[in-house]
Amino acid sequence: MINISQIFGPLFSQLWWIVLLFIVIGLFKAFKPFIKGKLGEFAVSTHVKLYLDKEYILLNDCTLPDEQNKTTQIDHILLSPYGIFVIETKNYKGWIFGSERQKTWTQKIYKKSFKFQNPLHQNYKHHKVLEQVLSDIVDPTLIHSIVVFMPDCEFKTEMPMNVFRGAGWTDYVKTFSSDIISSTKLKRIQLRIEKEILEKSWKTNRQHVQNLKEQHADKSAEY
């Protein structure tokens, strides 16, 4: 009698690494957006260390509840005596097309085009949620919005105000030079934000993604 294991055993022993390779590739594709986002956020953190003084305090990956019992996820909140900066990071390659008022922008890589939400509009919500969190501490005019693209992309339309490539955003931050927030108030602001930030976990991320899906579904139903 033919022993099947004797026939296929050597074959499986030689192909196991191919199966493992496919698993690794599948996992990489599944987590690629997350990895790209984290690399962009790491770049901004590096910019702060290299180009800004120690008086700047950077809070990363801040998920905050909003007024609709949903959540909003802010890539970075930069605290300083000169103002507060809400930073949205975009780690995109290729050509970027978009203006301040367009609802969606376009990323073009070779012959393929991809639509994505106007990051200025996206960061506007982040800005408003942070305003609400700090409403009894900070004047809203002291909170500023910044969108940072990585240098791998190239803008083919005029780059809107408050949108930057690479570390150029730090030069914009340095234009705010008036000492308007005391060290005591700055600490109070930091403690307030840290108190409101939801726990950094997969559960929080999953809930945020679900909230985004529901928001997109609601918008689609309106049309």
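Refer to the preceding data block for the structure.
Everything numeric here is computed off the predicted structure, so don't read it as measured data.

Participant: Is there a simple way to explain the environment of K112 in this structure?
Facilitator: Here K112 is to be found in strand β6 (residues 112-117). Taking the C-alpha atoms as reference points, K112 and G94, 18 residues apart in sequence, are found 9.9 Å from one another.

Participant: Just checking my understanding: could you explain a nonpolar patch on the surface for this structure?
Facilitator: There is a patch of nonpolar side chains on the surface, built from I109, Y110 and F114 and spanning about 360 Å² of accessible area. A relative accessible area of 31% places I109 in the partly exposed class.

Participant: Whenever I open this one, the side chain of H47 confuses me. Can you help?
Facilitator: Looking at the secondary structure, you find H47 in helix α1 (residues 4-51). Judged by relative accessible area, which is 11%, H47 ranks as buried. Beyond its immediate stretch of four places on either side in the chain, H47 contacts L52, G166, A167, W169 and T170.

Participant: What should I look at first to understand the packing of aromatic side chains in this one?
Facilitator: Here a ring pair, both rings aromatic, is described through the centre-centre distance and the interplanar angle of the planes. Considering all chains together, one arrives at eleven aromatic pairs under this definition. Measuring from ring centre to ring centre gives 5.3 Å for Y172 and F176, while their planes differ by 85 degrees; the resulting arrangement is edge-to-face. Put simply, the rings of Y92, W105, F116, F149 and F155 touch in pairs and so form one group of aromatic residues. Over the face of the ring belonging to W95 we find K156, whose NZ or CZ atom lies 4.4 Å from the ring centre.

Participant: When you look at the sheet that holds strand β4 (residues 94-97) in this model, what are you seeing that I'm missing?
Facilitator: Pairing is mixed across the open sheet formed by four strands, whose spatial order is β6-β5-β4-β8. Both outer strands of the open sheet, β6 and β8 (153-155), are each paired with one neighbouring strand and no more. On average, each strand axis in the sheet is tilted by 30 degrees relative to the strand beside it, whichever way the strands run. Note that β4 and strand β5 (residues 104-109) share three bridges and pair antiparallel. Among the inter-strand pairings, W95 is bridged to a residue of β5, identified as K108. Against the sheet, helix α2 (residues 119-133) engages β5 and β6, with an angle of about 25 degrees to β6.

Participant: How do you make sense of the environment of E100 when you look at a structure like this?
Facilitator: Structurally, the position occupied by E100 is in the loop between β4 and β5. Beyond its immediate stretch of four places on either side in the chain, E100 contacts N118, L120, H121 and P160.

Participant: I keep staring at the layout of surface pockets and nothing clicks. Help me out?
Facilitator: To find the voids left in a structure, one rolls a probe of water-molecule size over its atoms. By volume, the second largest pocket is sized at about 160 Å³. Taken together, E100, L120, H121, Y124, H127, S145, M161 and N162 make up the lining of the second largest pocket. Ranked by the residues each element gives to the lining of the second largest pocket, the list is headed by α2, at four residues. Class assignment of the residues belonging to the lining of the second largest pocket gives a composition of three nonpolar, four polar and one charged.

Participant: It is not clear to me how the nonpolar core should be interpreted in this structure. Could you clarify?
Facilitator: Within the largest apolar cluster, 21 residues are counted, with the highest numbers of intra-cluster contacts made by I77, I84, L130, L134, I189 and I193. Listing elements by their share of this core, those giving two or more residues are β1 (57-65), β2 (71-80), β3 (83-90), α2 and α4 (183-196). Dropping the residues within four chain positions of it, I193 is found in contact with L59, L64, I77, L79, L130 and L134. In this structure, L78, F85, I87 and W169 belong to the second largest nonpolar core, which totals 16 residues.

Scoring rules and cut-offs
- Residues numbered from 1 in each chain as written.
- Predicted model: local features only at pLDDT ≥ 70, side-chain atom pairs only at ≥ 80, totals over all residues.
- Heavy atoms only, no water.
- Helix = DSSP H or I, 4+ residues; strand = E, 2+ residues; numbered from the N terminus.
- Patch = residues over 30% accessible without salt bridge, like charges linked within 9 Å, V, L, I, M, F, W, Y side chains within 5 Å.
- Areas by Shrake-Rupley, 256 points an atom, 1.4 Å probe, with all protein chains shown as cover.
- Salt bridge = Lys/Arg side-chain N within 4 Å of Asp/Glu carboxyl O.
- Buried < 20%, exposed > 50% of the residue type's maximum accessible area, 1.4 Å probe, protein only.
- Contact = heavy atoms within 4.5 Å.
- Phe/Tyr/Trp six-rings, centres within 6.5 Å; stacked < 30°, edge-to-face > 60°.
- Lys NZ or Arg CZ within 6 Å of the ring centre and 35° of its normal.
- Pairing = 2+ DSSP bridges.
- Axes fitted to C-alpha atoms, helices over the stretch in contact; angles between N-to-C directions.
- 1 Å grid on protein atoms, 1.4 Å probe; cavity = no way out; pocket = protein on both sides within 12 Å on 5 of 7 lines; lining within 4 Å.
- Points joined across faces, edges and corners; volume = space filled by probe spheres on them.
- Nonpolar A, V, L, I, M, F, W, Y, C, P; charged D, E, K, R; others polar.
- Core = buried A, V, L, I, M, F, W, Y, C linked by side-chain atoms within 4.5 Å.

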